[in-house]
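# Structural overview
So the chains spell out like this:
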Amino acid sequence: MSELATEPLLKVSGLARYFDVSRPWLARMIERLPRQTLKAVDGIDFEIAKGETFSLVGESGCGKSTVARLVVSLYAATKGTILFDGVDLSKLHTRTDIAPVRRRMQMIFQDPYASLNPRWRVADIVAEPLRAFGLEADDAARRKRVDELLRQVGLSPADADKYPHEFSGGQRQRISIARALSSNPEFLVCDEPTSALDVSVQSQILNLMKDLQKRLGLTYLFISHNLAVVYHVSDRIGVMYLGRLCEVADAHDLFAKPQHPYTRLLLDTIPDLEMTGRERVPVAGEVPNPINPPTGCAFHPRCPFAEDRCRQEAPVLRQTESGLAACHAVEEGRIPATEAVTPPQLP
Amino acid sequence: MALLEVRNLRVEFPTRRGVLVAVDDISLEISEGEVLGVVGESGAGKSMTGSAIIGLLEPPGRIAGGEIRLEGERIDNLPYEKMRRIRGAKIGAIFQDPLTSLNPLYTIGRQLVETITTHTDLSEADARAHAIDLLSEVGIPAAERRFDSYPHEFSGGMRQRVVIALALCVNPRLIVADEPTTALDVSIQAQIIALLKRLCRDHGTAVMLITHDMGVIAETADRVAVMYAGRIAEVGTVRDVVKHAKHPYTEGLMGSIPLVGHDVERLTQIEGAMPRLTEIPTGCAFNPRCPKAFDRCRTERPDLLQTDGATQAACWLYDRETAYV
Ligand SMILES: Nc1ncnc2c1ncn2[C@@H]1O[C@H](COP(=O)(O)OP(=O)(O)O)[C@@H](O)[C@H]1O
Ligand SMILES: Nc1ncnc2c1ncn2[C@@H]1O[C@H](COP(=O)(O)OP(=O)(O)O)[C@@H](O)[C@H]1O
Ligand code: SF4
Ligand code: SF4
Ligand SMILES: [Mg+2]
Ligand SMILES: [Mg+2]
């Protein structure tokens, strides 16, 4: 990083969110059960520079959506801070304080069916943030803005008078994107935006998101469990496992020189669409119950490099040759270098 | 003779507004021990094809034409009881949701033993031993102890392993697996695919593997049929279809998949979406989205033709009479 590096647009430090998943009070008293806490996100740090796409990847339940919801203030943090353009979001309490910041960050959700109100016309859905933030007060200006947004996402102004059920999944995701863009945000949190779509529709949406990023200078926090999608869209990537970050690196480095054993496991699950005939040995085991995570490094029951220290002491992110990794074996230099994922031969 | 032969299969849904054709004149074959992938986007008719083969089409869906033969014998027109016995003994089924195949009220051991004793001559004790062997073979740790557990006591990945054991327990000739890994996490998905591949190879079982995921097909199948709007667009060996697709739809589909290590600014984009059953265009169903469409495509419907590569494609580009005119 150069010394002139500007402040990151988003800076997350020690962020955690715990959920109380205890049985109801009475049942607990009768059965003498303790309170139970699920640490969905347990102390993570990352930064996102302006104009960058930073992705979080990991298997379901590792806490990706919880991070997304924390960042856009849909959840309150249990611990830690979120700085957006230098402003500590937890210090904003009144609506008048929050609104100018919230206008600048919007979210796109995975399910384009559940996230659009079925009884509203597209025009009202797309204009909703305009109303919420008191932008474009007069009807004509608002309608003009809606038309422009629909065109921008590849729909037509004529679609404004229709209802969500008249659209396919991909078109609905375009409507969500138009809605997210209406308040002119700089920062979009995209939680699995293409996971519910067919691949040919996914490519349309990913292309659209890249176009918009270039045209509007957007910054993305992108979330997906699909490694190839993440490789395609990201500048930098964070790999999550059971509520923590285990590795953070530039997209190319992460795939070429994965450090953390869990990252290596994930990369090994990428299907061989190049038909290289690579034999894979899938790693055994499953993600443990997050209510009783393993001690020390949560990955140790599945890790081929686990030693005593791993069972006792939780590793923290440390600098490696290609980024940051939270792993004792990496720190101790006990892990042999991996071969890069073979780059495909272009036809 | 192929193990499974499907000829000109047509599946219809009568509705108030007319008859919808979900599967339109499909023919395919699966040989002994072969894994045939069936891939396509949602609504392409994959599941309807699979359900027709295992005799589990839900009414009002019905087979309206063609025939299905297993080991030479027709199975598409059998009375329910007879088909149920064939399904038990010769065709296994695996679905996306393992709970479709498991009864929540019985232990997994009981379900396995019952299936085995119904369809084979094994005694109860032998069936139990066989079931325990199978459970360890599919990777259930401490199989003997887990034998008396109920489906809800297993994780999603473990349940799908139990379903694979259940599908294989009477040594069927064919397994129809409809999106067997779609609901699972990537690391579990890789385990289940490897397992299914190994077991079917060891047991000599043929598989019809239905999925929307080209990655799963590339890892598992010998041959693949690509479906579009109720028809087969292209069929060939996996390598030929994945690396040297000839049908414009398959070509677009392959280009739209992001690949690790493949640095492109934009992915190939097929404009538009697959038509609903009520709006299938005349001629080639892909013509409104096809960059290579020409006049004939808008009026006449192509059947599978030998391409200039190794695959067969339903595309007029490969008709010697009209191509390149
Ligand atoms: N509102 C909630 N109440 C209780 N537990 C939750 C809640 N939201 C998420 N969790 C739990 O937190 C963990 C992380 O969930 P999530 O952030 O949705 O993961 P991901 O998006 O990576 O799949 C999971 O174990 C999930 O069950
Ligand atoms: N009960 C039904 N009535 C009318 N159409 C149906 C019914 N069930 C499925 N279809 C239609 O049949 C087509 C093929 O469905 P299906 O075989 O499930 O597709 P796939 O498995 O490829 O996603 C779809 O367009 C679907 O909408
Ligand atoms: S800290 Fe230990 S258990 Fe955790 S990933 Fe590293 S080597 Fe494996
Ligand atoms: S038949 Fe015509 S429209 Fe159909 S795929 Fe071939 S070229 Fe395209
Ligand atoms: Mg999620
Ligand atoms: Mg289906």
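### As for the side chain of Arg145 of chain A
Residue and element names in this part refer to chain A. Structurally, Arg145 can be placed in helix α5 (residues 139-152). At 3.2 Å, the side chain of Arg145 forms a polar contact with the backbone oxygen of Leu181. For Arg145, the side chain forms a polar contact with the main-chain oxygen of Ser182, separated by 3.3 Å. Ignoring sequence-local partners within four residues, the contact set of Arg145 consists of Leu130, Glu136, Leu181, Ser182 and Asn184.

### Points about the nonpolar core
Leu4, Ile91, Leu135, Ile164, Leu174 and Met214 of chain B are the most contacted members of the largest nonpolar core, which totals 99 residues. Tallying contributions element by element places helix α6 (residues 156-168) of chain B first for this core, with 8 residues. Summarising the domain contributions, this core has at least three residues from each of domain 1 (4-221) and domain 2 (228-322) of chain B. Beyond its immediate sequence surroundings of up to four residues, Leu135 of chain B is in contact with Ile108, Leu112, Ile140, Ala143, Phe147, Val162 and Ala165 of chain B. Formed by 35 residues, the second largest nonpolar core is a distinct cluster that contains Ile108, Val153 and Ala160 of chain A together with Leu267 of chain B.

### With respect to the packing of helix α4 (residues 122-132) of chain A against helix α6 (residues 169-181) of chain A
Each pair of packed helices gets described by two things: the angle between the helix axes and the distance between those axes. All names here are of chain A. Running from N to C, α4 and α6 cross one another at 35°; their axes reach a closest spacing of 6 Å. Contacts between α4 and α6 involve Val122, Ile125, Val126 and Pro129 from the first element and Ile175, Ala178 and Arg179 from the second. Classifying every residue of the contact of α4 with α6 gives 6 nonpolar, no polar and 1 charged.

### Notes on the domain arrangement of chain B
All names here are of chain B. According to the domain assignment, chain B contains domain 1 (4-221) and domain 2 (228-322). The partner domain 2 presents 16 residues to the 17 residues of domain 1 that form the contact. Contact between domain 1 and domain 2 buries roughly 1,400 Å² in total, counting both sides, with carbon and sulfur atoms accounting for 66%. On the domain 1 side of the contact with domain 2, Asp24, Glu41 and Met214 bury the most area, a combined 36% of that side's loss. Here domain 1 is connected to domain 2 by 2 salt bridges. Between Asp25 and Arg301 there is a salt bridge whose closest N-O contact spans 3.8 Å. Inspection of the domain 1/domain 2 interface yields 5 residue pairs in polar contact (both at pLDDT 80 or more). Secondary-structure elements contributing two or more residues to the side of domain 1 that touches domain 2 are β2 (18-30) and α8 (214-220). No other element matches β2, which puts 9 residues into the side of domain 1 that touches domain 2. When its residues are assigned to classes, the side of domain 1 that touches domain 2 shows 11 nonpolar, 3 polar and 3 charged.

Basis of the calculations
Residues numbered from 1 in each chain as written. Chains lettered and ligands numbered in written order. Predicted model: local features only at pLDDT ≥ 70, side-chain atom pairs only at ≥ 80, totals over all residues. Heavy atoms only, no water. Helix = DSSP H or I, 4+ residues; strand = E, 2+ residues; numbered from the N terminus. Polar contact = N/O pair within 3.5 Å; in protein donor to acceptor, adjacent residues only side chain to side chain. Contact = heavy atoms within 4.5 Å. Core = buried A, V, L, I, M, F, W, Y, C linked by side-chain atoms within 4.5 Å. Buried < 20%, exposed > 50% of the residue type's maximum accessible area, 1.4 Å probe, protein only. Domains from an automatic or database assignment. Axes fitted to C-alpha atoms, helices over the stretch in contact; angles between N-to-C directions. Nonpolar A, V, L, I, M, F, W, Y, C, P; charged D, E, K, R; others polar. Buried area = accessible area lost by both parts, 1.4 Å probe. Salt bridge = Lys/Arg side-chain N within 4 Å of Asp/Glu carboxyl O.

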